[in-house]
Amino acid sequence: MVNLNKLREEANKIVNRDDIKYIIGWEKGTYGFQVTPFFATTSDDIDKLIFSPLCIHNLTVFPMLEEKLPMRKGAEEDTRKIGLVVKGCDSRAIIQIIQEKGLNRDDLVIIGIPCTGVIDPKKINEKFPNQTKPVNVEEYEKYFIIKINGKTHKILKEELLMNKCKQCEFPNPLVYDVLIGPEIKNKGKNIYKNIESFKKKSLKEKWEYWEKQFDKCIRCYACRNVCPMCYCEECMVDQLNPQWVRRSVNVSENTAWNIMRAFHLAGRCIDCGECERVCPAGIPLVKLNKKLEKEVIEMFDYTPGLDVEEKPLLAMFKPEDPEEFIL
Amino acid sequence: MESLILAKNKLPELIKRIQSKYLLFAPTKTDDITLFKPINDYKEINLEFCNSKLPPKSLLFCQTETLFKFKQGISAEVKSVDLPNSKNVIFGIRPCDSKSFTIVDSVFKDDFVDPYYMKKRENTILIGLACIKPGVNCFCTSMDGGPANSEDLDILLTDLGDKYYVEVESKKGNEIIKIGKNFFSKSSANDKTRKNEISKKAENAITRNMKTKGIVEKLDNIFENPLWKKISMKCLGCGICTYQCPTCHCFDIQDETTLYDGARVRVWDTCMNPEYTSHASGHNPRPARMNRTRNRVYHKFNYYPKNYNIIACVGCGRCINDCPVNIDIIDIINKAREVKT
């Protein structure tokens, strides 16, 4: 369990600095198990800052969503730093973006949180449906403690955790300026059980499966917008001349979009799972991401988002890289 | 208005008879997601749902619709497409979603009657199903609606346990009653009381409230308020809230061509997308997410009521349910009303 006082104390120090624009963290949401991204700009905001096992969002997306709008004559750009609260997985997104030169390390002040896993919103809403009032969740040893209408529920963490958290290899942030609390020693092991079993299906079965999934896509692009790695100035699907993907929503164009999204994340996706969490159509996008992640590991022995000094996979060459695909 | 009773075990047969004359759409469940889809067999229907993921607007105002086709080059020609002639029934639609049709009708038959939407609208009968268990973010009662409101429907069914209480609201509704004549029986005063009890219970189960009194005038005075910037900072700019909204009705028109053939299609558009207001000159009058988030709220709660005398929100709660960052329209409006001017 994260020490909330320590988090607020450190955040308060940071937010009061002259070179800080704001700190991005979480605050209580408007109903049920919702918590919501929160921008603290002054000391007064700090009391609203929270961290709980419900803080699922990868906030690294927000520095990437910052808009650079045309400025009035004589106006000066706000070059102050952004404070960012991150979990282990989120921190890998920062590293990856820094490697790609999408962010400058000096422009960020990172508050790292050693994370013991976050709750899958689907699982908790299924277990405790129809919660209108905001509910807080705490952590105690192997359990989540959930207080609803005066009644305390003690649920095994295993039942509610996100699947990605159960096999998390990086619970501790890999890059930070301040760390809230001691590092976590208990680490998971990344396994590809689902990918392996899916691989065994026939080509026809696999195609039918994905065709059914992509048919559901409504092209709201929430998967793209929530992804810290999707920060192209102009996304290929938005281009009009040439128009790579048509605006028509049908299985053909949807497939083009979904494959394109997954491929552009090969060797870059850090498996935060945000795309799948936000998808209103329930498309299992992590399955695609994991498949590419596995390919990259097997071919290039490369895991993205581990070291700020390293180069991105597609920006480097090693003589021992496999070349079977070159005729 | 006529009130009847339909025994539940007669429903499959009634559905069968409706299907012999109409194209039937009803809620179906695949992989935990309920959507309105064309039904072949009664068994495909799932009535154990709160509301469908996408509103049934997608049946009349399709996400992708061909307006006409053309050939390019020397032998250029334009070919119109036939408007669908089918007679449709949407079965199991919720009162809030049926109200959304009444709301967007104003747009589609304003100065220019949109044949693509209106033709389908005229050919469609709405058989509603009253909500027994409203969802967490349902707030239809704040929007002059109710879980068992029948006014925007042709027929409303209310589940009384072993039977449905059937309220017939229109001539179109009577057509269905005629088709299933012997399935319906007269209702008693007791049935009516039970219906009212159930409807009252459902109303009481709605706990979230939006206060809309004076909102139109209030929004007129707080256009430049920092509130909008604050709300929009966490907005991702995706299209979930607008695509899932039963009253959002904006579309983009595109020519999609191969070398010789082409079609002019319209597709849903979203004001959350920067391209939505992007001018050919490169100028964008809504350059920031703040402008776009604010526009969504203003269109529903200020511009629309000014143009058509009704708020363009039915309180279905879909935009709240699925927003990835908990942007909550109830919270926004309640906060906007409290802003000091």
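Scoring rules and cut-offs
- Residues numbered from 1 in each chain as written.
- Chains lettered and ligands numbered in written order.
- Predicted model: local features only at pLDDT ≥ 70, side-chain atom pairs only at ≥ 80, totals over all residues.
- Heavy atoms only, no water.
- Helix = DSSP H or I, 4+ residues; strand = E, 2+ residues; numbered from the N terminus.
- Rg over C-alpha atoms; globule rule 2.2 N^0.38 Å.
- Buried < 20%, exposed > 50% of the residue type's maximum accessible area, 1.4 Å probe, protein only.
- Areas by Shrake-Rupley, 256 points an atom, 1.4 Å probe, with all protein chains shown as cover.
- Lys, Arg positive; Asp, Glu negative; His and termini not counted.
- Charge placed at Lys NZ, Arg CZ, Asp CG, Glu CD.
- Contact = heavy atoms within 4.5 Å.
- Buried area = accessible area lost by both parts, 1.4 Å probe.
- Salt bridge = Lys/Arg side-chain N within 4 Å of Asp/Glu carboxyl O.
- Expected span 1.5 Å × (residues − 1).
- Arc of directions from axis to C-beta.
- 1 Å grid on protein atoms, 1.4 Å probe; cavity = no way out; pocket = protein on both sides within 12 Å on 5 of 7 lines; lining within 4 Å.
- Points joined across faces, edges and corners; volume = space filled by probe spheres on them.
- Nonpolar A, V, L, I, M, F, W, Y, C, P; charged D, E, K, R; others polar.
- Patch = residues over 30% accessible without salt bridge, like charges linked within 9 Å, V, L, I, M, F, W, Y side chains within 5 Å.
- Pairing = 2+ DSSP bridges.
- Axes fitted to C-alpha atoms, helices over the stretch in contact; angles between N-to-C directions.
- Core = buried A, V, L, I, M, F, W, Y, C linked by side-chain atoms within 4.5 Å.
- Domains from an automatic or database assignment.
- Polar contact = N/O pair within 3.5 Å; in protein donor to acceptor, adjacent residues only side chain to side chain.

Side note on the overall build of chain A
Across its full length, chain A carries 12 helices and eight strands. Taken over the C-alpha trace, chain A has a radius of gyration of 21 Å; the compact-globule value for 327 residues is 20 Å, and the two agree within 12%. The C-alpha extent of chain A, read off along each of the three principal axes, is 60 × 55 × 45 Å. Relative to its full complement of 327 residues, chain A shows a buried share of 52%. Carbon and sulfur atoms provide 51% of the accessible area of chain A, an area that totals close to 17100 Å². Looking at chain A, you have 51 positive and 50 negative side-chain charges, and the mean spots of the two groups are 6 Å apart.

What about the interface of chain B and chain A?
Each side of the interface is counted separately: chain B has 41 residues, and chain A has 41 residues. In this assembly, chain B packs against chain A so that about 3300 Å² is buried in total across both faces, 53% of it on carbon and sulfur atoms. Looking at the side of chain B facing chain A, the largest losses of area belong to Met233, Leu236 and Asn326 of chain B, adding up to 18% of the total buried there. In this assembly, chain B and chain A are joined by four salt bridges. For Glu67 of chain A, the salt bridge identified is with Arg289 of chain B, shortest N-O distance 3.9 Å.

Some words on unusual backbone geometry
Residues and elements named next belong to chain A. For the bond running from Asn241 to Pro242, omega is 0 degrees, close enough to zero to count as cis. With respect to the helices and strands, Pro242 occurs in the loop between helix H9 (222-225) and helix H10 (251-263). Positioned with a positive phi, Tyr221 is a non-glycine residue whose angle comes to about 60 degrees. Here Tyr221 is to be found in the loop between helix H8 (203-215) and H9. What makes Tyr221 buried here is its relative accessible area of 11%.

Quick word on helix H6 (residues 189-205) of chain B
Since the α-helix turns once every 3.6 residues, residues separated by three or four places project in the same direction. Residues and elements named next belong to chain B. Taking 1.5 Å per residue, 17 residues should reach 24 Å; H6 reaches 25 Å between its end C-alpha atoms and fits that length. The complete set of buried residues in H6 reads Asp191, Lys195, Ser199 and Ala202. With its buried residues spanning 70 degrees around the axis, H6 presents them on a single face. For H6, the exposed residues set more than 90 degrees away from the buried face come down to Ala189, Asn190, Glu197, Lys201 and Asn204.

A short note on empty space enclosed by the protein
A full pass over the atoms with the stated rule returns nine cavities of 30 Å³ or more. One number sums up the size of the largest cavity: a volume of about 230 Å³. Lining the largest cavity are 22 residues, and of these Arg219, Tyr221 and Arg247 of chain A together with Tyr243 and Asn273 of chain B sit closest to its centre. Class assignment for the residues of the lining of the largest cavity results in nine nonpolar, six polar and seven charged. The volume enclosed by the second largest cavity comes to roughly 140 Å³. Around the second largest cavity, the lining is made up of 14 residues, and of these Cys235, Cys238, Cys241, Cys323 and Ile327 of chain B lie nearest the centre. Of all elements in the fold, only helix H9 (240-243) and helix H10 (289-308) of chain B reach the threshold of two or more residues within the lining of the second largest cavity.

With respect to a nonpolar patch on the surface
A grouping of Met299, Phe325 and Ile326 of chain A is seen on the molecular surface, where their side chains present a nonpolar patch of about 320 Å² in accessible area. By relative accessible area, which is 57% here, Phe325 of chain A ends up exposed.

Some points on the pairing of strand S6 (residues 88-93) of chain B
The two faces of the sheet receive side chains in turn, since in a regular strand these alternate between them. All names here are of chain B. Within S6, six of the six residues are buried, which leaves the element mostly enclosed by the surrounding structure. One ladder, built from three bridges, connects strand S2 (residues 23-30) with S6; its direction is parallel. Considered in S6, the bridge of Leu23 is made with Asn88. Note that S6 and strand S7 (residues 124-129) share five bridges and pair parallel.

A look at the sheet that holds strand S5 (residues 137-140) of chain A
Residue and element names in this part refer to chain A. In spatial order, the strands read S5-S6-S7; together these three strands make up an open sheet with antiparallel pairing. Pairing within the sheet leaves two strands with one partner each, and these edge strands are S5 and strand S7 (151-156). Across the sheet, the mean angle from the axis of one strand to that of its neighbour is 30 degrees, orientation sign disregarded. Bridge analysis of strand S6 (residues 143-148) against S7 gives six bridges, and the strand direction is antiparallel. Across the sheet, residue Lys147 finds its bridge partner in S7, namely Thr152.

Considerations on the nonpolar core
General note: in soluble globular proteins, nonpolar side chains tend to be found buried as a group. Among the nonpolar cores identified, the biggest contains 155 residues, and Ile146 of chain A together with Phe91, Val166, Trp228 and Phe301 of chain B are the most heavily contacted of them. Membership of the second largest hydrophobic core comes to 20 residues, among which are Phe214, Cys217, Ala266 and Leu292 of chain A.

Focus on the domain arrangement of chain B
Residue and element names in this part refer to chain B. On domain assignment, one finds that chain B holds domain 1 (2-63 + 83-205) and domain 2 (215-338). Once you take the C-alpha centre of each, domain 1 and domain 2 turn out to be 27 Å apart. At the junction of the two partners, domain 1 supplies 29 residues and domain 2 supplies 30 residues. In this assembly, domain 1 packs against domain 2 so that about 2600 Å² is buried in total across both faces, 61% of it on carbon and sulfur atoms. The interface formed by domain 1 and domain 2 includes three salt bridges. Among the salt bridges present, the one from Lys53 reaches Asp322, with a minimum N-O distance of 2.8 Å. For the side of domain 1 that touches domain 2, the secondary-structure elements that each account for two or more residues are helix H2 (57-60), helix H3 (95-108) and helix H4 (115-122). Across the side of domain 1 that touches domain 2, the residue classes tally to 16 nonpolar, seven polar and six charged.

Some points on the domain arrangement of chain A
The extent of an interface is frequently quoted as the accessible surface area lost upon association of the parts. Residue and element names in this part refer to chain A. Partitioning chain A into structural domains gives domain 1 (4-67 + 77-179) and domain 2 (193-315). Using only C-alpha atoms to locate each centre, domain 1 and domain 2 end up separated by 24 Å. Tallying the contact residues gives 22 residues for domain 1 and 24 residues for domain 2. Taken over both partners, the interface formed by domain 1 and domain 2 buries close to 2000 Å², and the fraction arising from carbon and sulfur atoms is 59%. Taken as a group, Arg92, Gln96 and Gln99 account for 29% of the area that domain 1 buries against domain 2, more than any other trio of residues on that side.

So, the environment of Val237 of chain A
All names here are of chain A. Take Val237: it is sitting in the loop between H9 and H10. With a relative accessible area of 1%, Val237 lands in the buried category. The spacing of Val237 and Met260 is 23 residues in sequence and 9.1 Å in space, taken between C-alpha atoms. Ignoring any residue separated from it by four or fewer positions in sequence, one finds Val237 in contact with Tyr221, Arg224, Val245, Arg247, Trp257 and Met260.

Considerations on the side chain of Gln131 of chain A
Relative to the helices and strands, Gln131 of chain A resides in the loop between helix H4 (121-127) and S5. Polar side-chain contacts of Gln131 of chain A include one of 3.3 Å to the backbone oxygen of Pro129 of chain A. Aside from chain neighbours lying at most four places away, what touches Gln131 of chain A is Tyr31, Gly32, Phe33 and Ile148 of chain A together with Val136 of chain B.

Some remarks on helix H1 (residues 4-15) of chain A
All names here are of chain A. Between the first and last C-alpha of H1 there are 16 Å, a value that for 12 residues agrees with the 16 Å anticipated at 1.5 Å per step. Within H1, burial applies to Leu7, Glu10, Ala11, Ile14 and Val15. Relative to the axis of H1, the buried residues are bounded by an arc of 130 degrees and lie together on one face. On its buried face, H1 sits against strand S1 (20-28), strand S2 (35-40), strand S3 (81-86), strand S4 (108-112) and strand S8 (178-179). The backbone nitrogen of Asn5 has a side-chain oxygen 3.0 Å away, supplied by the residue at the start of H1, namely Asn3.

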